[in-house]
Amino acid sequence: MRQELVSYYFKGLVLLALLALVQACSKDEGPTPTTTTTTPLSGTRYLDSIFTSIMESKEVKYGANVNQAGVAIDLLMNIYEPANDTETNRPLIILAHGGGFAEGSKEDFDQLAKSYAHSGYVAATIGYRLMTDPGGQSLKLAVVDAVQDMKAAVRYFTIDGKHSINPNNIFVGGFSAGAVMGLHYAYFDDEEIAMVPMEMQNHIASTGGLSGNSGNPGASEAIKGVINISGGLFRANWVDAGDPILYSIHGSLDNCTIDPDSPGNPDGDFIEGSCLIHPLLDSLGIINQFRKIEGGDHGVYFTCSDCNAEMRKFIFDNL
């Protein structure tokens, strides 16, 4: 009997060792679920926080391209989605950081992306090509590069079915430069290319058009809407009937109403802001909502106590 017990004991140890080995090997197979400490809330999917655990996929390569210095770089993003979710047709939100197209990090919007994942969305924060020598025409070229990169990120999800997104419910945007990127993604079409400086026209022509060559060619890059936090267009009148819907947050003291042809904007930069864009959306019957904060500056969003809830409600109401 003693020998049998010893035999069972060693067999048990071997079994435990094998199980540990299998578990260790399986850790390399995709993202690891991250369990947060938030208390589970009952509520409505896509509006309230209903998932206590989310899946994080960090440093995901969604494309590659050459930056302004001629250096080939990988384009990376972080993806967040609810863990153990059985829904197969989920809205997608892609967020881009600010920084004047010269600095910033995709991690800047990670917390907001996580909050959307807790509500059932697939949410991603993207890195994109920045200016390597800020100044002059490089800003205008950087806007083109960024739009091309964001389109590659959208195509990554529409060409790849493993994240179970609904291609008819995709929202893009961000803060400052990220908002400029989202606005030009939505409202800058091929017909407007002749209206931009020749440097931009040449750059667009030599880099694959507005869709660009950043990755995932041939997939859909259609979007439903834009999240615009303190952003602007080169020309607000580029908005056409049938264009994507828009939610904006903008401080009245920021570049909210500057006309690109006014003396205050001699370079014709991308600052024809929300105060000029939204009346055009209204006239064209495009769904939109504008949170104008009187006395607010460029970063007023970060001190707004209810802007995120309002933005979330706008997206939810338009799914």
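Reading the values: rules and limits
- Residues numbered from 1 in each chain as written.
- Predicted model: local features only at pLDDT ≥ 70, side-chain atom pairs only at ≥ 80, totals over all residues.
- Heavy atoms only, no water.
- Helix = DSSP H or I, 4+ residues; strand = E, 2+ residues; numbered from the N terminus.
- Contact = heavy atoms within 4.5 Å.
- Areas by Shrake-Rupley, 256 points an atom, 1.4 Å probe, with all protein chains shown as cover.
- Buried < 20%, exposed > 50% of the residue type's maximum accessible area, 1.4 Å probe, protein only.
- Polar contact = N/O pair within 3.5 Å; in protein donor to acceptor, adjacent residues only side chain to side chain.
- Axes fitted to C-alpha atoms, helices over the stretch in contact; angles between N-to-C directions.
- Left-handed = near helix turned anticlockwise from the far one by under 90°.
- Nonpolar A, V, L, I, M, F, W, Y, C, P; charged D, E, K, R; others polar.
- pLDDT = per-residue confidence, 0-100.
- Parallel < 35°, antiparallel > 145°, perpendicular 65-115°, else oblique.
- Core = buried A, V, L, I, M, F, W, Y, C linked by side-chain atoms within 4.5 Å.
- Arc of directions from axis to C-beta.
- Phe/Tyr/Trp six-rings, centres within 6.5 Å; stacked < 30°, edge-to-face > 60°.
- Lys NZ or Arg CZ within 6 Å of the ring centre and 35° of its normal.
- Pairing = 2+ DSSP bridges.

1. Quick notes on the overall build of the chain
Right, so step 1: In terms of regular secondary structure, the chain is built from seven helices and eleven strands.
Right, so step 2: In the chain, the proportion of contacts linking residues at least 24 apart, taken out of those at least 6 apart, comes to 75%.
Right, so step 3: Total accessible area on the chain is roughly 14600 Å²; 55% of this is exposed by carbon and sulfur atoms.

2. Points about the environment of Ala 102
Right, so step 1: Along the chain, Ala 102 falls in the loop between β4 (90–96) and α2 (110–117).
Right, so step 2: In this structure Ala 102 comes out as partly exposed when scored by relative accessible area, which is 35%.
Right, so step 3: Remark: the alpha-carbon pair of Ala 102 and Thr 132, spanning 30 residues in sequence, is separated by 7.3 Å.
Right, so step 4: In this view, Ala 102 contacts Leu 130, Met 131 and Pro 134; residues no more than four positions away in its chain are not counted.

3. Some thoughts on the side chain of His 184
Right, so step 1: Mapped onto the secondary structure, His 184 falls in helix α4 (residues 177–187).
Right, so step 2: A distance of 2.8 Å separates a polar atom in the side chain of His 184 from the backbone oxygen of Val 180.
Right, so step 3: A polar side-chain atom of His 184 sits 3.2 Å from the main-chain amide nitrogen of Phe 234.

4. Description of the packing of helix α3 (residues 138–159) against helix α5 (residues 198–206)
Right, so step 1: Viewed as axis vectors pointing N to C, α3 and α5 meet at an angle of 35 degrees, and their least axial separation amounts to 9 Å. The hand of the α3/α5 crossing is right-handed. For the pair formed by α3 and α5, the contact residues are Lys 140, Leu 141, Val 144 and Asp 145 on the first element and Glu 199, Met 200, His 203 and Ile 204 on the second.
Right, so step 2: A breakdown of the residues in the contact of α3 with α5 according to their chemical character gives four nonpolar, one polar and three charged.

5. Description of the confidence of the model for the chain
Right, so step 1: Mean pLDDT for the chain: 86, with 82% of residues reaching 70 or above.
Right, so step 2: Predicted confidence for residues 1–30 stays below pLDDT 50, and this span has zero contacts to residues more than four positions away or in other chains.
Right, so step 3: Segment residues 32–40: pLDDT under 50, and 16 contacts once partners within four positions in sequence are set aside and those in other chains are kept.

6. Side note on the packing of α3 against α4
Right, so step 1: Viewed as axis vectors pointing N to C, α3 and α4 meet at an angle of 75 degrees, and their least axial separation amounts to 9 Å. With respect to α4, the axis of α3 lies roughly perpendicular. Residue-level contacts link Val 143, Ala 146, Val 147, Met 150, Lys 151 and Val 154 of α3 to Val 180, Met 181, Gly 182, His 184 and Tyr 185 of α4.
Right, so step 2: Looking at the contact of α3 with α4 residue by residue, the class counts come to eight nonpolar, two polar and one charged.

7. Some remarks on the nonpolar core
Right, so step 1: Ile 126 and Phe 157 are the most contacted members of the largest nonpolar core, which totals 79 residues.
Right, so step 2: Of the residues forming this core, the biggest block, eleven residues, is contributed by α3.
Right, so step 3: When near neighbours in sequence (up to four residues on either side) are disregarded, Ile 126 contacts Tyr 62, Leu 76, Met 77, Ile 94, Leu 95, Ala 96, His 97, Lys 106, Met 150, Ala 153 and Met 181.

8. Some thoughts on helix α6 (residues 274–284)
Right, so step 1: Within α6 the residues assigned to the buried category are Ser 274, Cys 275, Ile 277, His 278 and Leu 281. Buried residues of α6 fall within an arc of 160 degrees about the axis and therefore sit on the same side.
Right, so step 2: Looking at the buried positions of α6, the neighbouring elements they touch are α4, β7 (225–229), β8 (232–233), β9 (245–251), β10 (272–273) and β11 (288–293).
Right, so step 3: Immediately beyond the C-terminal end of α6, within one or two residues, lies Gly 285, with a positive phi of roughly 75 degrees.

9. Structural notes on the packing of aromatic side chains
Right, so step 1: All chains considered together, the criterion is met by nine aromatic pairs.
Right, so step 2: Between Phe 101 and Tyr 128, the ring centres sit 6.3 Å apart and the planes meet at 70 degrees, which makes this aromatic pair edge-to-face. You can see Phe 101 sitting in the loop between β4 and α2 and its partner Tyr 128 sitting in the loop between β5 (122–126) and α3, a full 27 residues away along the chain. Here the two residues Phe 101 and Tyr 128 agree in accessibility, since each one is buried.
Right, so step 3: On the basis of an interplanar angle of 40 degrees and a centroid distance of 5.6 Å, the ring pair of Tyr 247 and Phe 314 is categorised as tilted. Highlighted residues: Tyr 247 in strand β9 and Phe 314 in helix α7 (residues 307–317), separated in sequence by 67 residues.
Right, so step 4: Overall, the relative accessible area of 4% leaves Phe 314 in the buried class.
Right, so step 5: Pairwise contacts between aromatic rings join Tyr 46, Tyr 116 and Tyr 121 into one cluster.
Right, so step 6: Over the ring of Tyr 185 we find Lys 151; its NZ or CZ atom is 5.2 Å from the centre of that ring.

10. Some remarks on the pairing of β7
Right, so step 1: The buried fraction of β7 amounts to five of the five residues, a majority that puts the element mostly inside the structure.
Right, so step 2: With burial as the criterion, each face of β7 is covered, one bearing Gly 225, Ile 227 and Ile 229 and the other bearing Val 226 and Asn 228.
Right, so step 3: Pairing analysis gives five bridges linking strand β6 (residues 165–175) to β7, with the strands arranged parallel. Each bridged residue has a counterpart across the sheet, and for Phe 171 the counterpart in β7 is Gly 225.
Right, so step 4: Across five bridges, the pairing between β7 and β9 is parallel. By the bridge assignment for β9, Val 226 is matched with Leu 246.

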